Amino acid sequence: MAWFARVLVAELRQMGSLAEAAGGWNVAASRVTAVEDRLTALEASAPDEAARTRTRALRDAVRSARGHMQELLESGSPDTMSRDLDAIAAELEAALASVNPLD
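## Some remarks on the side chain of Arg-66
As for its placement among the helices and strands, Arg-66 is situated in helix α3 (residues 49–75). Within the structure, Arg-66 has its side chain in polar contact with the side chain of Glu-36 (distance 2.8 Å). Those residues in contact with Arg-66 that sit more than four places away from it in its chain are Phe-4, Trp-25, Val-32, Thr-33 and Glu-36.

Right, dumping it as structure tokens:
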């Protein structure tokens, strides 16, 4: 999940166009889907409600970010691509921080 927020989004941000970003996304989308699937499995096998809640929050954030990425690449604007990608990364980072807060 951190890879999605910190590496993939940064790489897509460096692409020169939405079409290039879509190509990069097509290569990486299966990895994002695998993360989502793994989080779904972990939720089902979590040892307690607190762990299920944390895992569900992460899964839902990945699912939401994946949907936002698809929306961006299908109907987004090249003028706002960087800002939209930053928002996707921020959404993922917020989920990560919420389940693993620094004391």
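Resuming the write-up.
## Comments concerning the packing of helix α1 (residues 2–13) against helix α2 (residues 18–45)
It is at 10 Å that the axes of α1 and α2 come closest, and there the two elements cross at 160°. It follows that α1 is roughly antiparallel to α2 by the angle criterion. As for how α1 packs across α2, the hand of that crossing is right-handed. Contacts between α1 and α2 involve Trp-3, Phe-4, Leu-8 and Leu-12 on the former and, on the latter, Ala-21, Gly-24, Trp-25, Ala-28, Arg-31 and Val-32. Counted by class, the contact of α1 with α2 contains eight nonpolar, one polar and one charged residues.

Reading the values: the criteria
- Residues numbered from 1 in each chain as written.
- Predicted model: local features only at pLDDT ≥ 70, side-chain atom pairs only at ≥ 80, totals over all residues.
- Heavy atoms only, no water.
- Helix = DSSP H or I, 4+ residues; strand = E, 2+ residues; numbered from the N terminus.
- Polar contact = N/O pair within 3.5 Å; in protein donor to acceptor, adjacent residues only side chain to side chain.
- Contact = heavy atoms within 4.5 Å.
- Axes fitted to C-alpha atoms, helices over the stretch in contact; angles between N-to-C directions.
- Parallel < 35°, antiparallel > 145°, perpendicular 65-115°, else oblique.
- Left-handed = near helix turned anticlockwise from the far one by under 90°.
- Nonpolar A, V, L, I, M, F, W, Y, C, P; charged D, E, K, R; others polar.

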